[in-house]
Amino acid sequence: MTDEDRGSGGIEDLVFLATDGTDDADQCVDLEDDSGAVIAAVGRQIRLWRESAGLRAKDLGDAIGYGENQVYKVEGGKRIPKPEFLDRADQVLGAGGKIAAMKKDLREARYPKKVRGLANLERAAVEFGAYDNHNLNGLLQTEEYARALYEMRRPSFGRDEIDRYVAGRMGRQEIFDRQPPAMLTFVQEEVTVRRPLGGRTVARRQLEHLLEIGRLRSVEIQVMPTDREDHAGMGGQFQLLKFGDGTAVAHWEGQLFNRLVSDPKQVRIIELRYGIIRAQALTPRESLAFIEKVLGET
């Protein structure tokens, strides 16, 4: 890629860790990141509430459906608690909403510093479009499918890392619950629908989930057949985000690095390519029928 292709200056030159299906929703705690202090403070507050209630870590874990070790990790600032952890702990400890309110503080900490800006853009977007060519887009993944992706990553992640990454990816899917809803469109290569990542059971549940998501009024999923002789997406996968003020950015993914593109000329190129890709793919109705067919064969 030439310097002219990259553009110069501004948001478009920010570089993030690659998202090879496994790296875009990290929940790891980076102690050098400013979010580490927030996570540690939340953990201390939970421990203080627990001790005031006269409960052991095991007692709290049993009451909210978590293991003793998980409670200790949260309280020690080594693990970011899920929203349901905070909700249940709030009820059990009688915190009157004070623990549950910490969900807002932890929302940013869910993402590593190097991709937090992108996550904010994703939440702010009124339109989101994505073309994916080697696995299903993270917003469309079931927890089991996401876990399978993280488990096959090389170099390997540890078990705790995988749990954190999966939780972070699932957290991104709150975009489907937004009111008013964002318009979400996805174009998936046929191979991403057919490839049974995680095994047959995981694949079947993933296909069922695609059908559920694809029937939402604010979502359109399209499949790009492998037999197409003309294809505008040969430059690789990307995301396109549009905002209420009429501006737009693109997120261009590569093998080891990816970047955010905000230069209007380059964004227009991505918009043009995405429009052609959507025109070349099956229609949303045809795509759902195709997914149903693959489900029946799986």
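Coordinates for the structure precede this section.
Notes on the structure follow. (Residues numbered from 1 in each chain as written. Predicted model: local features only at pLDDT ≥ 70, side-chain atom pairs only at ≥ 80, totals over all residues. Heavy atoms only, no water.)

Re the packing of aromatic side chains
Evaluated as defined, the whole model comprises five aromatic pairs. Aromatic side chains Tyr-131 and Phe-238 sit 6.1 Å apart centroid to centroid with 50° between the ring planes, which places their arrangement in the tilted category. Residue Tyr-131 is located in strand 2 (residues 127-132), and its partner Phe-238 is located in strand 5 (residues 238-242); the two are separated by 107 residues in the primary sequence. Judged by relative accessible area, Tyr-131 falls into the buried class, the value being 2%. Phe-238 sits in the buried class, given a relative accessible area of 5%. On the numbers, 6.1 Å between centres and 50° between planes, the contact of Tyr-150 with Phe-157 is tilted. Pair check on accessibility: Tyr-150 and Phe-157 agree, each one buried. Here a set of aromatic residues connected by ring pairs shows up, and it is made of Tyr-131, Phe-238 and Tyr-274. (Phe/Tyr/Trp six-rings, centres within 6.5 Å; stacked < 30°, edge-to-face > 60°. Helix = DSSP H or I, 4+ residues; strand = E, 2+ residues; numbered from the N terminus. Buried < 20%, exposed > 50% of the residue type's maximum accessible area, 1.4 Å probe, protein only.)

Quick notes on the pairing of strand 5
The element strand 5 is largely enclosed, with a buried count of four among its five residues. Here five bridges tie strand 2 to strand 5, and the two strands are oriented antiparallel to one another. Bridge pairing links Tyr-131 to Phe-238 in strand 5. As judged from the five bridges shared by strand 5 and strand 6 (residues 248-253), these two strands associate in the antiparallel manner. Residue pairing for strand 6: Leu-240 is matched across the bridge by Ala-250. Hairpin connection between strand 5 and strand 6: a loop of five residues separates the two successive antiparallel strands, and Gly-246 in this loop has a positive phi of roughly 90°. (Pairing = 2+ DSSP bridges.)

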